[in-house]
Structures are given as structure tokens and as C-alpha cells.
Amino acid sequence: MGNPILTTSNLTITADETTILRGVDLTLERGSTHVLMGPNGAGKSTLGHALMGNPEYAVADGAIIFDGQDITDLEPNKRATAGLFMSFQAPVEIPGVPLYTFLRAIVATRPELKLRGAKLKKRIAQIMEQLSMDPSYLDRELNVGFSGGEKKKVEMLQLLLLQPKLAILDETDSGLDVDALDTVSRAIRIYQEELDGTLLMITHNTRILDHVNVDRVNVLVRGKLVDEGPADLIQKINDQGFEKYVGREGSGAASVAAAVEAKLSQAADLEAQREKHFDATSAVANMEAALATFDAQRAAGKSAAEAVEAAQATQAASGLAAALDPKAGE
């Protein structure tokens, strides 16, 4: 191999005593852009959170090596100061904390950047100009009242300010309009070209990948890495979807999950075409509710057909049915 910045070996992750990732072996080369793809519910975001040390996800087996150091048991803040960064699907709102105050605080944890006082303000202004961001953002409370696109822009501002060795971008393109997608893509290119950073981009949608130079692609399905290849694997997935990985099973919860996951991918594409906003995080939660309904119905002795009907009723009640129906709203 070349010069890896991160490797995982037999990484097995659990949450609430449920195994989510199973024996994941992943290598990210320094300075490369790596894409992790897979249907919803595959465990992609779990891998990102596990790499960052989120305590909700326990390492049951395996190891994580970052920049030559075993960080398997390292606290999240120490991973961040070591050079790991993660952009979240749904950045949290922090009332009472202006964005500039937050940026100054996180930069203080990275003294090697040597950004203080006027130098820090100049660097922030430079990045905001590169990303076409209004300086008034700095006076606003962190993410409070921000649109989804504005929150992602703030995440990209942090990325370029902190200059991490490895950036994990979790569904960064989710819910973005054309303007925000352009800004995020621009930030990624700057990170790649000017900072020579390493990227792990987590997505089930190929939309943002049209704007990024990709070196390697991995496919994760049901907690396992099932395929790996060069960038042209993206186009194959774009053409064929994940069906060949998920498999075609008969009745049962697995087939319902596969069908819903496929429809969610279609809904994401339709969102871009119709310029509608679709909350992927809520969609996953609603999908899980539908599957829970299916399991409960089967446990109660209902037939597969009756259980599927009940699951669909759950989707309709949550408003997900319209998003899953390609003809809805036409």
C-alpha cells in the first residue's frame, strides 16, 4: 500500500447491544478522496461516528489507526485535535453562542494553526469570501434559524479554518439547493487542492460526486463492506442502484427495507429535480417506524401482506408516502 492516513481492521461496532458494523477493513490513503456509498440503513453514518469516537457507538472488536496512532479508545475531542473532522447530516443549533465566538474557541484547541486576533479574523474573512458567505453570519447564534444550506456552509467554513488531516463528510449534500451545493463543492475542491486534505465522503446519492475528484469507492450494505473500486464504480451504482448488493428476497422485513431504501434514493434524486426540500434524517426515522410496524404485525400473527399494508399506513401517516411515490405532486 501507499501512505495511509487511516486504517480500520475487523472493526465491529454496536449500539444498544445491536451490532451495526461487522468486521470492516478500510484503508484511506493520505491526500485521497474516498467515497463510502450504500443504501439507507447500511451503517455508513455509524462508521463516521465510530471513527470520531461517538460514545453511543461501542467498539466490540477491531482497531482504528489514524496517522500512525491507535485511536480506538481515544476521546472525541482528542481525535479532533489530532486532525480528525466530521461534518454532520444535521448540525445542532447552539443558542447564545455567536458563530465567531465558536470559531475562535475551536481554533484555540489547535495552537499549531497560529491563528489569533487579527490573523484569525483575516483568515475567516478570506474563507468566507472564497465561499461567497455573508460576513453577518459571524454575529448570528450558531446554526440558530439557519437553513439547511446555511448550516452546511458553516460546516465548510469550519473545515477550511481547521485544516484537518482527514475530513469525514456525512451526507453533506442532503437537502441542499443548487446554490448551497455549489458552495459545498467549492469548499471540498479548496480542501483537496490547496490543503491536500484527505476526504471520506459518506453518501447514498451521487449528485455531489459529479463536482468532486474521487479516488476510491467502497460500498457498505447491512454493516459490511461488499465492494470496492475506482471512481467509475459511482457511475455503475448511479445506473444500477444498490439492488445487486442488497439482493432480491421474497417477503419479510428485509425485502421491505430494501424496497424503502431504493425508493428513498429515488426520492433524493426527485428532490433535486423538483427543487424541493426533503429531510433525509426524518426519512430514515420514518422508515424505521414502518419496519417496526411490520415486525410488530408479523409477531402478532398477521400475514406478510397485512404487515406490509400496516407498514405503508405508518408511512402515509408520517407523510413519507408522498416522498416515496415518484408520481406524488406531479
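Residues numbered from 1 in each chain as written. Predicted model: local features only at pLDDT ≥ 70, side-chain atom pairs only at ≥ 80, totals over all residues. Heavy atoms only, no water.

Trainee: Mind laying out the pattern of salt bridges, listing which residues take part and the relevant values?
Mentor: Here the structure, examined in full by the defined rule, presents nine salt bridges. Of the charged contacts, one joins Lys165 and Asp67 as a salt bridge, the two residues approaching to 2.6 Å between their closest N and O atoms. With a gap of 98 residues between them, Lys165 in the loop between helix H5 (148–162) and strand S9 (166–170) and Asp67 in the loop between strand S4 (58–66) and strand S5 (69–70) connect regions that are remote in the sequence. Relative accessible area serves as the criterion here: at 28%, Asp67 is assigned to the partly exposed category. Of the charged contacts in the structure, one is a salt bridge between Asp182 and Arg186, with a shortest N-O distance of 2.6 Å. In this pair, Asp182 and Arg186 both sit in helix H6 (residues 178–193), four residues apart, roughly one turn of the helix. (Salt bridge = Lys/Arg side-chain N within 4 Å of Asp/Glu carboxyl O. Helix = DSSP H or I, 4+ residues; strand = E, 2+ residues; numbered from the N terminus. Buried < 20%, exposed > 50% of the residue type's maximum accessible area, 1.4 Å probe, protein only.)

Trainee: Pulling in residues and values, what's your account of the confidence of the model for the chain?
Mentor: Of all residues in the chain, 74% attain a pLDDT of 70 or more, and the chain-wide mean is 82. Here residues 319–330 is modelled with pLDDT under 50, and outside its nearest four sequence neighbours on either side it reaches 22 contacts, counting other chains as well. (pLDDT = per-residue confidence, 0-100. Contact = heavy atoms within 4.5 Å.)

Trainee: Give a detailed account of H6, specifying residues and quantitative values.
Mentor: Compared with an ideal rise of 1.5 Å per residue, which puts 16 residues at 22 Å, H6 spans 22 Å between its outermost C-alpha atoms and is within 8% of the ideal. Of the residues making up H6, those classed as buried are Ala180, Leu181, Thr183, Val184, Ser185, Ala187, Ile188, Ile190, Tyr191 and Gln192. Buried positions along H6 lie against strand S3 (33–37), helix H4 (117–130), H5, S9 and strand S10 (198–203). Near the N-terminus of H6, the side chain that reaches the backbone nitrogen of Asp179, with its oxygen 3.3 Å away, is that of Asp177. (Expected span 1.5 Å × (residues − 1). Polar contact = N/O pair within 3.5 Å; in protein donor to acceptor, adjacent residues only side chain to side chain.)

Trainee: Break down the packing of helix H3 (residues 99–108) against H4 for me, with residues and values.
Mentor: In contact at an axis separation of 12 Å, H3 and H4 are set at 115° when each is read in the N-to-C sense. Two packed elements cross with a definite hand, and for H3 against H4 that hand is right-handed. On H4, the residues that touch Tyr100, Leu103, Arg104 and Val107 of H3 are Gly117, Leu120, Lys121 and Ile124. In the contact of H3 with H4, the residues fall into five nonpolar, one polar and two charged. (Axes fitted to C-alpha atoms, helices over the stretch in contact; angles between N-to-C directions. Left-handed = near helix turned anticlockwise from the far one by under 90°. Nonpolar A, V, L, I, M, F, W, Y, C, P; charged D, E, K, R; others polar.)

Trainee: How would you explain the sheet that holds strand S6 (residues 84–87) if you had to name every residue and give the values?
Mentor: The strand order across the open sheet formed by six strands is S6-S9-S10-S3-S11-S12, and the pairing between neighbours is mixed. Looking at which strands have only one partner, the edges of the open sheet turn out to be S6 and strand S12 (224–229). Strand after strand, the sheet turns through a mean of 20° between neighbouring axes, direction not considered. Two elements, S3 and strand S11 (residues 216–221), share four bridges in a ladder whose sense is parallel. In the strand pairing of S11, Met37 is matched with Val219. On the sheet, helix H1 (residues 44–52) packs against S3, S6, S9, S10 and S11 and is oriented at approximately 145° with respect to S6. Set on the sheet, helix H7 (residues 233–240) makes contact with S3, S11 and S12; between it and S11 the angle comes to about 40°. (Pairing = 2+ DSSP bridges.)

Trainee: Give me the lowdown on unusual backbone geometry, citing residues and values where you can.
Mentor: One non-glycine residue, Asp16, adopts positive backbone phi at about 50°. Checked against the element boundaries, Asp16 lands in the loop between strand S1 (4–15) and strand S2 (18–29). Here the phi dihedral of Ser132 falls at roughly 55°; this positive angle occurs in a residue that is not glycine. In this structure, Ser132 sits in the loop between H4 and strand S8 (141–142). The class of Ser132 is exposed, set by a relative accessible area of 55%.

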